[in-house]
Structure formats: structure tokens, C-alpha cells
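One-letter residues, chain by chain:
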Amino acid sequence: MPLLVSDYNWQQTKTAVFISVPLRGVCVRDADVFCTENYLKVNFSPFLFEVFLYAPIDDENSKAKIGNDTIVFTLYKKEAAMWETLSVSGVDKEMMQRIREKSILQAQKRAKEATEAKATARREDQKYALNVMMKIEEEERKKIEDMKEKERIKATKELEAWKECQRKAEEQKRIQREEKFCEQGKKIEEERNKLKHKSLTKISESRNLATKGRNSENIFLEKLKEDSIPAPRSIGSIKINFTPRVFPTALRESQVAEEEEWLHKQAEARRALNTDIPELFDLKEEEKNPEWLKDKGNKLFATENYLAAINAYNLAIRLNNKIPLLYLNRAACHLKLKNLHKAIEDSSKAYRIMKLPLRLIHPTKLYKMMLRRFGK
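Definitions and cut-offs
Residues numbered from 1 in each chain as written. Predicted model: local features only at pLDDT ≥ 70, side-chain atom pairs only at ≥ 80, totals over all residues. Heavy atoms only, no water. Helix = DSSP H or I, 4+ residues; strand = E, 2+ residues; numbered from the N terminus. Buried < 20%, exposed > 50% of the residue type's maximum accessible area, 1.4 Å probe, protein only. Pairing = 2+ DSSP bridges. Axes fitted to C-alpha atoms, helices over the stretch in contact; angles between N-to-C directions. Parallel < 35°, antiparallel > 145°, perpendicular 65-115°, else oblique. Left-handed = near helix turned anticlockwise from the far one by under 90°. Contact = heavy atoms within 4.5 Å. Nonpolar A, V, L, I, M, F, W, Y, C, P; charged D, E, K, R; others polar. Core = buried A, V, L, I, M, F, W, Y, C linked by side-chain atoms within 4.5 Å. Salt bridge = Lys/Arg side-chain N within 4 Å of Asp/Glu carboxyl O. Expected span 1.5 Å × (residues − 1).

Draft legend 1. View of the overall build of the protein. Along its length, the protein carries 9 helices and 8 strands. For the protein, the residues scored as buried account for 23% of the 376 residues in total.

Draft legend 2. Highlighting the sheet that holds strand β6 (residues 47–52). Taken in spatial order, the 4 strands make up an open sheet running β1-β6-β5-β4, and their pairing is mixed. Only two strands of the sheet have a single partner each, and these edge strands are β1 (3–4) and β4 (32–35). As paired strands, β1 and β6 are joined by 2 bridges and run parallel to one another. Each residue of the ladder has a partner; that of L3, found in β6, is F47.

Draft legend 3. Summary view of the pairing of strand β5 (residues 39–44). Both β4 and β5 contribute to a ladder of 4 bridges, which runs antiparallel. From the neighbouring strand, V33 faces β5, where its bridge partner is V42. In textbook terms, the turn of a hairpin is the stretch between consecutive antiparallel strands, and for β4 and β5 this stretch comprises 3 residues. Pairing geometry for β5 and β6, over 6 bridges, is antiparallel. From the neighbouring strand, L40 faces β6, where its bridge partner is V51. Taken together, β5 and the strand that follows it, β6, pair antiparallel across an intervening segment of 2 residues.

Draft legend 4. Quick look at the packing of helix α5 (residues 306–319) against helix α6 (residues 324–336). In contact at an axis separation of 9 Å, α5 and α6 are set at 155 degrees when each is read in the N-to-C sense. One element, α5, and the other, α6, form an angle in the roughly antiparallel class. Between α5 and α6 lies a crossing whose hand is left-handed. Along its contact with α5, which presents Y306, A309, I310, Y313, N314, A316 and I317, the element α6 presents L326, Y327, N329, R330, C333, H334 and K336. In the contact of α5 with α6, the residues fall into 9 nonpolar, 3 polar and 2 charged.

Draft legend 5. Just the pairing of strand β3 (residues 16–22), in detail. With 4 bridges joining them, strand β2 (residues 9–12) and β3 adopt antiparallel strand pairing. Opposite Q11, over in β3, you have F18 as the bridge partner. Connecting β2 to the antiparallel partner β3 that follows it, the hairpin turn spans 3 residues. Two strands pair when backbone bridges link them, and β3 and strand β8 (residues 70–76) are joined in this way by 7 bridges, in the antiparallel orientation. Note on β8: the bridge partner recorded for A16 is Y76.

Draft legend 6. A look at the packing of helix α4 (residues 290–302) against α5. Viewed as axis vectors pointing N to C, α4 and α5 meet at an angle of 165 degrees, and their least axial separation amounts to 8 Å. Comparing the axis directions of α4 and α5 gives the class roughly antiparallel. Once α4 is placed against α5, the crossing between them reads as left-handed. Counting all contacts with α4, which are made through P290, L293, K294, G297, N298, L300 and F301, the residues of α5 involved are Y306, A308, A309, A312, Y313, L315, A316 and L319.

Draft legend 7. Summary view of the nonpolar core. Among the nonpolar cores identified, the biggest contains 20 residues, and I19, F44, F49, F73 and L75 are the most heavily contacted of them. Only β3, β5, β6 and β8 provide two or more residues apiece to this core. With residues near it in sequence (within four places) discarded, F73 still touches V17, F18, I19, V21, V33, L40, V42, K63 and A64. By size, the runner-up hydrophobic cluster in this structure holds 17 residues, among which are L300, A309, L315 and L319.

Draft legend 8. Structural context of the pattern of salt bridges. A full pass over the atoms with the stated rule returns 10 salt bridges. Across the salt bridge formed by R152 and E149, the nearest N and O atoms sit 2.6 Å from each other. Pair noted here: R152 and E149 are both in helix α1 (residues 93–212), with a separation of 3 residues, about one helical turn. Accessibility expressed as a relative area gives 32% for R152, which makes it partly exposed.

Draft legend 9. Highlighting α6. The terminal C-alpha atoms of α6, which comprises 13 residues, lie 19 Å apart, in line with the 18 Å expected from a rise of 1.5 Å per residue. Of all 13 residues making up α6, 11 are buried, and the element is well covered by its neighbours. K338 sits one or two positions beyond α6 and adopts a positive phi of about 65 degrees.

Draft legend 10. Representation of the sheet that holds strand β7 (residues 63–67) within the structure. One open sheet accounts for 4 strands, arranged β2-β3-β8-β7; its pairing is antiparallel. Among the strands making up the open sheet, the edge pair consists of β2 and β7. Put simply, the sheet's adjacent strands are angled 15 degrees from each other on average, direction ignored.

Draft legend 11. View of unusual backbone geometry. Here the phi dihedral of E304 falls at roughly 65 degrees; this positive angle occurs in a residue that is not glycine. As for its placement among the helices and strands, E304 is situated in the loop between α4 and α5. With phi around 65 degrees, K338 is a residue other than glycine that occupies positive phi space. Within the secondary structure, K338 is located in the loop between α6 and α7 (340–353).

Draft legend 12. Representation of the environment of I344. As for its placement among the helices and strands, I344 is situated in helix α7. In this structure I344 comes out as partly exposed when scored by relative accessible area, which is 31%. Taking the C-alpha atoms as reference points, I344 and L159, 185 residues apart in sequence, are found 7.6 Å from one another.

This is how it looks when you write it as C-alpha cells:
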């Protein structure tokens, strides 16, 4: 059973009460203080200090200072008045027990309210932090979108500038070609005039000779007839060797460059088919042709299914990477999907492949073909 401390001192003013309780050599860490508006308790085993206060106090603003083996309480009164005694007189054990239980319930209720207030404040802080993070992320996303838009506008301008340079270069080449054709036409006309002049001079000379030789024509006519009759040919056999060809047409009726290109494409396709491409396992034989895949991609492009069209062109390029139309069609798909860098890359590849054949194509035809591919 704890020992009650009775040798304490207390003083008061109209607004505060000062209580000094000795600790009697007990460590400060072992002292347990409990205070409510009507009850004050200090437990430092084996001693106990307990007071049932005369009037309510402001327990939230009251203070306790521990030092020099003493606890000094500064209790602020709720009503400014002088107390007759420190504790309530005439309190029996049952009333003391009720006051203790009521004080404990008040302390628990206050602790619960404080915990809920802390939890509410923590939730508010988390909500505020989440809103701040969302705002920061929104600003970052907006910044990234602005950067993407700037890059897209920049790439579009570069593409337009590149198209304009290409158009000017083609226009300059066309003008040079027309000037060259004009010069060649003038030379041909001059040569034609020279030949015409020579033929006229020869005709006039032959007429002069004909008039001079009419008299001697009858003399040598019989001799010329005898000399003009050839002798009979001897009997023999002629061996004819034909050039071996893959195509059924004759060599004089075919175009060697186009046939060589077709054979080269077929060889490339056969080499690609011999490789282990997982995408080819589920395809039929006629579907393993780059031309068939190109037509399939064109149909998908017409239905605005650009991703599927890109897949078809990708497989066709893996089968044969020497067909420039595959790169041009895939560039058109990337252009529709706003993948401008990939569109420029595929256009450059197609241009490198078509660099030599393009010199033989008329500029107007080339311009129309590019216009159909990339749009207005």
C-alpha cells in the first residue's frame, strides 16, 4: 500500500495555486503525474500525493516543474477567487472513487479527441501533400506536352523546309534538263539541215551525171546485166545457238535492266524465306511474297488502320529491303501517326535506294508520285 505524502506546501493568488511536493530521494524518471480540472495525483513509488481540488482549474495551461528533488505545480484557476482550502473537505471514499473514475474518463476522452485531432490533421496534411504533388505532376506533364508540341512543330517546319529544298532542286534540274534538251534539239536541227544540204547537192550531181551518161548507157547495158546476175549458191547447213534465258521471250524483245531487277528481288525474297522469321511460320506460300504484303499494307492504309499497315510493311521489308515503295508507304503511315522522325528516316532510306533510278524519271511524274504518298 503506498504512503501518502502530507508534508507539502501550497500558496495561492486569485488566479493561480502553487504546490510544492518533495520527492523524498526518488528518481525523477519514476514520478508519474496525473492532473484533471478537479483532481491531481503524483505517484512516485512507494509514495503517493493525491489532492481533490477545492475548485476547477485549467488543466491544459497548468504546469509542473521537477527539479532539486521537488515537484512544483502551477495551477491556474478557472474562476478568479481565493480558496478556503486546497482540497475539498468532507469527502468520503465513495465520492473519492467517483472523482477518480470521472477524472480518468475525462482524461481518456481528451486523449481520444487529441488522437482523432492528430489523425485528422495528418489526413489533412496528406491530402494537402497529395494535392501539391498532383499539381506538380500536372505542371510537369504540361511542360512535357509543351516540349513535345514544340518538337513536333520544329520537326514539321524542318520537313516542310526539306520538301521546299527538294522542290527547288528538282525545279532547277528540270530547267537544266530543258535547256540541255533545247541545245540538243538545236544541234540535231543543224545536223539535219547539213544532211539535207548534202543530199540536195548529191541529187544535183547525180542528175548531171545522168544527162552525161545517157549516150553511153546503151553500150554498157548488156554487160551490166550479165554482171548483176549472181551464181547459184552451194548446198550446206547452218547451226543456230540461242542464248540461255530464264524468261520465255527473246532477248531482243526484252528489257534487260528490268529483268535483272526482278531476278534480284526474287533472290532476295528466297534468301529471306530461308531465314528463321517467326512471323512467317503462320503465313501461306502466296502470303510470303513482298508484293502481296505491300498490297495488303496498302489496303490497310486505305482503311486508316495505320499500325497494321506498318506491321505488313515491316514484314515485307524483312523479306526484301531493296524495294523503295515499302519505305515510302511506311513513311506515309508514320506521317499519319505523327511519328515525324520515323517518317523522315524511311523517306531517306527510300531516297537512297531510288537515287539512281530517280534520275531517269521525269520530275513532274516524280512530284505527283510523292504527292500521292505524303498528301498535300
